[in-house]
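Below, each chain spelled out in residue letters.
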Amino acid sequence: MANIKLTFPSSPSSSTSMQTLLPLRAGFYGAPLLSSSPSSGHLLVPGHSSGKRYKLFVCTASSTEQPVIIGLAADSGCGKSTFMRRLTSVFGGAATPPKGGNPDSNTLISDTTTVICLDDYHSLDRNGRKRENVTALDPRANNFDLMCEQVKAIKEGRPIEKPIYNHVTGLLDPPETILPPKIFVIEGLHPMFDARVRELLDFSIYLDISDEVKFAWKIQRDMAERGHSLESIKASIAARKPDFDAYIDPQKQHADVVIQVLPTRLIPDDNEGKILRVRMIMKEGIPNFKPVYLFDEGSTISWIPCGRKLTCSYPGIQFSYGPDVYYDNEVSVLEMDGQFDKLDELIYVESHLSNLSTKFYGEITQQMLKHADFPGSNNGTGFFQTVVGLKIRDVYEALRAEEAATPLKSAKA
Amino acid sequence: MANPSSDIKEVLSQRIKEAEEVCVADSSSRECAVAWDEVEELSAEIAHKRVKQEDKKDPLEEFCKDAPEADECRVYED
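This is a predicted model, so every value here is computed, not measured.

Here's the deal with the overall build of chain B
Step number 1: Secondary structure summary: chain B contains three helices and zero strands in total.
Step number 2: For chain B, the N- to C-terminal ordering of α and β elements is α-α-α.
Step number 3: Considering only contacts within chain B whose residues lie at least 6 apart along the sequence, 34% involve residues at least 24 apart.
Step number 4: For chain B, the computed accessible surface area is about 5,100 Å², with 53% contributed by carbon and sulfur atoms.

What follows is the structure, given as structure tokens:
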């Protein structure tokens, strides 16, 4: 089916107009398209011929040279999160905030990758949320039409004027220009909440921190602050939990990879959360994504690498691997409990895993050493985050190869 | 001129007190959740800024942390 794009000359395009900030239900149709997506081949027609207001903002992308769109769901706020730094590092270069722009911008830009924070799509600022009595976790505090429109624009190779949510003031600042990069990461609370945005994602990850680990991490993060106490930290987690469970947690079922972080089972009552049990839950049947496996794909394995060939310090390392069902999806789960203490352990483990998507022997070890001072560098969080970075590289290269093989798809009628 | 970092910490302190008060009446109310959500947002931002400050010791070091392969970050052994 030919790829047809029609733009109406009188409508502002979403790339330059301030109107992107208006709620789309006010009648602004963004960039109206009569287009077909190459993958599904269906036709989308804005319904304004009958004079009726077009209520449903339809949003699917269609073009070649598409940036690869990655979604990352995490409750740790945005910014220079460790996961992002590892990811951008796989592709090379440092990710920094946009130069010369708003110093409170949440965006990170490297040579290949741009990471935006989905808080920028809050429809209600801090005062607004107080007034309407909703948390930031509530979908009512977020403008999914705008998120959808702008992610689609990036996917189609068009720049966007994206609002900035200022976490210091709690206000929405004037927008910043974002140019389409090779890899576009949307990070935040709701990357997989809206079905239209989900359709635009080429790969998605959900970082699932268990309550005990969340508590331990927040104690480390907040106890030094005046005003905070164990009780206030506990109360904060508990008060947010209903909204978190209702709106954020269900996104897990849509993720291609879930990284689940739990307390260790190797030490009884390790309540400092230092030793972690990390599970990488990988969906089967996702295009361009080969789940990692141990020894024999599809079988169930339990593996303790420490022994005669490898000496580990307490509490050691334990792996397990096997197939499972997760929210009605076929998955493979690779689990690591414990801690790396030495380089040898890291390279030993790497050399025994399969489908890691490394380009050379020791690539994961090298990446982990490069960032030895990052949190999680000695356990499954750092290890699996690095693996996910390589999996994203696979998706990126596969999509580029597909495009190279079919250059005539974008011919206009 | 106001120090922005102590401002936000002041605000955090106040909001924690407010949240504790709001939740005394009904700890499962929406008002309670909204109050603690604001505390969470502020705490996250303070922690984020703190990490940024720690990193800021030497701009070159900070840059090289993320891009050790860059020309500026090359290390020579004589």
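The rest of the description comes next.
Section: the pairing of strand β6 (residues 160-165) of chain A
Step number 1: Of all six residues in β6(A), six are buried, a share of seventy percent or more.
Step number 2: Count of turn residues in the β6(A)/strand β7 (residues 172-178) of chain A antiparallel hairpin: six residues, of which A:Gly170 carries a positive phi of about 80 degrees.

A few points about the confidence of the model for chain A
All names here are of chain A.
Step number 1: Residues with a pLDDT of 70 or more make up 82% of chain A, whose mean pLDDT is 84.
Step number 2: When pLDDT is averaged over each helix and strand of chain A, the minimum, 35, is found for strand β2 (residues 43-44) and the maximum, 98, for helix α3 (residues 144-155).
Step number 3: Here residues 1-55 is a poorly scored stretch, pLDDT under 50, and it has 93 contacts once near neighbours within four places are set aside; other chains count.

Details of the interface of chain A and chain B
Interfaces are frequently sized by the accessible area removed from exposure as the parts join.
Step number 1: Taken together, the contact between chain A and chain B spans 39 residues of the former and 37 residues of the latter.
Step number 2: Taking both sides of the interface into account, the surface hidden between chain A and chain B amounts to around 3,300 Å²; carbon and sulfur atoms contribute 47%.
Step number 3: Our count for the contact surface shared by chain A and chain B stands at 11 salt bridges.
Step number 4: A salt bridge links B:Glu38 to A:Lys130; its shortest N-O distance comes to 3.3 Å.
Step number 5: In this assembly, chain A and chain B are joined by 15 residue pairs in polar contact (both at pLDDT 80 or more).
Step number 6: Looking at the side of chain A that touches chain B, the elements that each hand over two or more residues are α2 (126-132), α5 (211-222) and α6 (230-248) of chain A.
Step number 7: Among the elements that make up the side of chain A that touches chain B, the one with the highest residue count is α6(A) (five residues).

Points about the pattern of salt bridges
Step number 1: Counting across every chain of the model gives 37 salt bridges over all chains.
Step number 2: Of the charged contacts in the structure, one is a salt bridge between B:Glu41 and A:Arg126, with a shortest N-O distance of 3.2 Å. With B:Glu41 in helix α2 (residues 30-55) and A:Arg126 in helix α2, this pair bridges two chains.
Step number 3: Close ionic contact of A:Asp245 with A:Lys241 constitutes a salt bridge, the shortest N to O distance being 3.4 Å. Of this pair, A:Asp245 and A:Lys241 both sit in helix α6, four residues apart, which is roughly one turn of the helix.
Step number 4: For A:Lys241, a relative accessible area of 31% puts it in the partly exposed group.

Some details on a negative patch on the surface
All names here are of chain A.
Step number 1: Taken together, the side chains of Glu284, Asp296, Glu297, Asp324 and Glu330 define an acidic patch exposed on the protein surface.
Step number 2: Looking at the element boundaries, aspartate 324 is found in strand β14 (residues 317-326).
Step number 3: Since its relative accessible area comes to 38%, aspartate 324 is described here as partly exposed.

Quick word on the side chain of A:His228
Step number 1: Its place among the elements puts A:His228 in the loop between α5 and α6.
Step number 2: At 2.9 Å, the side chain of A:His228 and the side chain of B:Ser43 are in polar contact.
Step number 3: Setting aside chain neighbours within four positions, we find A:His228 in contact with A:Asp222, A:Ile233, B:Leu12, B:Ile16, B:Val39 and B:Ser43.

Overview of the packing of helix α7 (residues 343-352) of chain A against helix α8 (residues 363-370) of chain A
Residues and elements named next belong to chain A.
Step number 1: As a packed pair, α7 and α8 sit with axes 8 Å apart at the nearest point and diverge in direction by 145 degrees. Helix-helix and strand crossings are classified by hand; for α7 and α8 the assignment is right-handed. Of the residues in α8, those touching α7 at Leu343, Leu346, Ile347 and Glu350 are Glu363, Ile364, Thr365, Met368 and Leu369.
Step number 2: Among the residues forming the contact of α7 with α8, the class breakdown is six nonpolar, one polar and two charged.

Considering the environment of B:Glu20
Step number 1: Its place among the elements puts B:Glu20 in helix α1 (residues 4-25).
Step number 2: Separated by 44 residues in the primary sequence, B:Glu20 and B:Cys64 have C-alpha atoms spaced 43 Å apart.
Step number 3: With sequence-adjacent residues up to four places away left out, B:Glu20 is seen in contact with A:Ser232 and B:Trp36.

Some details on the sheet that holds strand β15 (residues 329-338) of chain A
Step number 1: Read from one edge to the other, the open sheet built from 10 strands follows the order β4-β5-β8-β3-β9-β10-β11-β15-β14-β13 (chain A), with strand pairing classed as mixed. Only two strands of the sheet have a single partner each, and these edge strands are β4 (108-109) and β13 (301-303) of chain A.

Here is what the cut-offs are and how they apply
Residues numbered from 1 in each chain as written. Chains lettered and ligands numbered in written order. Predicted model: local features only at pLDDT ≥ 70, side-chain atom pairs only at ≥ 80, totals over all residues. Heavy atoms only, no water. Helix = DSSP H or I, 4+ residues; strand = E, 2+ residues; numbered from the N terminus. Contact = heavy atoms within 4.5 Å. Areas by Shrake-Rupley, 256 points an atom, 1.4 Å probe, with all protein chains shown as cover. Buried < 20%, exposed > 50% of the residue type's maximum accessible area, 1.4 Å probe, protein only. Pairing = 2+ DSSP bridges. pLDDT = per-residue confidence, 0-100. Buried area = accessible area lost by both parts, 1.4 Å probe. Salt bridge = Lys/Arg side-chain N within 4 Å of Asp/Glu carboxyl O. Polar contact = N/O pair within 3.5 Å; in protein donor to acceptor, adjacent residues only side chain to side chain. Patch = residues over 30% accessible without salt bridge, like charges linked within 9 Å, V, L, I, M, F, W, Y side chains within 5 Å. Lys, Arg positive; Asp, Glu negative; His and termini not counted. Charge placed at Lys NZ, Arg CZ, Asp CG, Glu CD. Axes fitted to C-alpha atoms, helices over the stretch in contact; angles between N-to-C directions. Left-handed = near helix turned anticlockwise from the far one by under 90°. Nonpolar A, V, L, I, M, F, W, Y, C, P; charged D, E, K, R; others polar.

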